[in-house]
Amino acid sequence: MRLLMVAPPGAGKGTQATRLARHYSIAHLSSGDLFRREVAAGSDIGRQAAGYLERGDLVPDRLVLDVLAPHVLAAAAEGGYVLDGYPRTLAQAQEAYEVAGRISGVELQAVVHLEVGRDELRRRLLARARADGRVDDTESVIGHRLDVYERETAPMLEFYAARGLVVDMDGEQTVEEVFQAIVGAVDALRAGLS
Ligand code: ADP
C-alpha cells in the first residue's frame, strides 16, 4: 500500500498517518520529522533548512528530494509507505511522478485529503504549541503556515485528482471516525483500481 496524506497544518495528518502505517504494516514517512532530525543533528542539509522551518516556509525543492527519495524507495521495496508532508508543492508532485514512473512499484495508489476549517486548525495548533513547544507553532507563524498551505500545497490536489487518486475526508470528526472513514475509502478505491 502506497499512500499520501494531504492536509493543512493541524488537520491531523500525522496522527492518521501513524495509525494507517500500523494498520497496513507500512512505513510512516514524515518529511517534517525528517527535516527536524537533520536540524537537530546539525547536518549540512539541516543547517540550510533550519531558517525555513522556523519561519514556517517550505524548504527549497532542491533539498527535499535528496532527503526524501532514499526513504521512499526503501519503504516501497519493503511493502509500502504513508507519506506525510511530501510531495507538498505541484513541482514536487511532478518531479516525484517522473522519478516513480521510471521504477516499478513506487508510484502512489491513493491520496487522502483531510479537510478542516481554519478556525479549528488555529485552535488545534495553539493547543499543540502549548503541549509540544514546536518552533513553528507560534501564533504568527501558524497563520503563515496556513497561507503557505493554501498557496503552495492545495493546488497540488488537482494534479492527483486528474488521475483519480484523491479521497476527500471530513477531518473534523473524532480521530477514530476519521481513521475508519479513510480505511473504508482507501480500500474501496484500491478494489476499484485492481
Ligand atoms: P505541518 O504539516 O504541521 O505544518 P510538518 O511537520 O509536515 O508540519 O512540516 C514542518 C516544516 O517542514 C514545514 O513548514 C517546512 O518548513 C518543512 N517541510 C516539510 N515537508 C516539506 C516539503 N515536502 N517541502 C518543503 N518543506 C517541507
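Before going into details, it helps to say that this report is about the structure given with it. Quantities reported herein were computed from a predicted structural model and do not represent experimental measurements.

**Some points on the side chain of Gln109**
Position of Gln109 relative to the elements: it lies in the loop between helix H5 (90–101) and strand S4 (110–115). A distance of 2.7 Å separates a polar atom in the side chain of Gln109 from the backbone nitrogen of Arg2.

**Quick notes on a negative patch on the surface**
Side chains of Glu115, Asp168, Asp170, Glu172 and Glu177 sit close together on the surface and give a patch of like negative charge. Mapped onto the elements, Glu172 comes out in the loop between strand S5 (166–170) and helix H9 (175–193). Note on Glu172: relative accessible area 45%, which makes it partly exposed.

**Section: the packing of helix H2 (residues 31–41) against helix H3 (residues 44–55)**
Pairs of packed helices are described in terms of their axes, by the angle between the two and the distance that separates them. Their axes nearest at 8 Å, the elements H2 and H3 cross at an angle of 120°. Viewed along their axes, H2 and H3 form a crossing whose handedness is left-handed. Contacts between H2 and H3 involve Phe35, Arg36, Glu38 and Val39 from the former and Ile45, Gly46, Ala49, Ala50 and Leu53 from the latter. Split into classes, the residues belonging to the contact of H2 with H3 amount to 6 nonpolar, 1 polar and 2 charged.

**Remarks on the packing of aromatic side chains**
Here the structure, examined in full by the defined rule, presents 2 aromatic pairs. With a centroid separation of 5.7 Å and an interplanar angle of 85°, the aromatic rings of Tyr97 and Phe159 are classed as edge-to-face. Of this pair, Tyr97 sits in helix H5 while Phe159 sits in helix H8 (residues 156–161); the two residues are 62 residues apart in sequence, bridging distant segments of the chain. With a relative accessible area of 43%, Tyr97 lands in the partly exposed category. Judged by its relative accessible area of 18%, Phe159 falls in the buried class. Note on Phe159 and Tyr160: the rings are 5.2 Å apart at their centroids and 75° apart in plane angle, and the pair reads as edge-to-face. When sorted by exposure, Phe159 lands in the same class as Tyr160, which is buried.

**Side note on the site of the ligand**
Near the ligand there are 20 residues, and of these Ser31, Arg36, Asp57, Gly85 and Gln92 occur at the shortest range. In this structure, Val59 approaches the ligand through a main-chain N or O atom, which is 2.9 Å from a nitrogen atom. Within the contact set of the ligand, a nitrogen atom lies 2.9 Å away from a backbone nitrogen or oxygen of Gly85. Contact with the protein chains covers 97% of the free accessible surface of the ligand, which is 560 Å². Sorting the residues of the shell around the ligand by element identifies H2 and H3 as the ones contributing at least two each. With 4 residues, H2 is the single largest residue contributor to the shell around the ligand.

Rules used throughout
Residues numbered from 1 in each chain as written. Predicted model: local features only at pLDDT ≥ 70, side-chain atom pairs only at ≥ 80, totals over all residues. Heavy atoms only, no water. Helix = DSSP H or I, 4+ residues; strand = E, 2+ residues; numbered from the N terminus. Polar contact = N/O pair within 3.5 Å; in protein donor to acceptor, adjacent residues only side chain to side chain. Patch = residues over 30% accessible without salt bridge, like charges linked within 9 Å, V, L, I, M, F, W, Y side chains within 5 Å. Areas by Shrake-Rupley, 256 points an atom, 1.4 Å probe, with all protein chains shown as cover. Salt bridge = Lys/Arg side-chain N within 4 Å of Asp/Glu carboxyl O. Lys, Arg positive; Asp, Glu negative; His and termini not counted. Charge placed at Lys NZ, Arg CZ, Asp CG, Glu CD. Buried < 20%, exposed > 50% of the residue type's maximum accessible area, 1.4 Å probe, protein only. Axes fitted to C-alpha atoms, helices over the stretch in contact; angles between N-to-C directions. Left-handed = near helix turned anticlockwise from the far one by under 90°. Contact = heavy atoms within 4.5 Å. Nonpolar A, V, L, I, M, F, W, Y, C, P; charged D, E, K, R; others polar. Phe/Tyr/Trp six-rings, centres within 6.5 Å; stacked < 30°, edge-to-face > 60°. Near = heavy atom within 4 Å.

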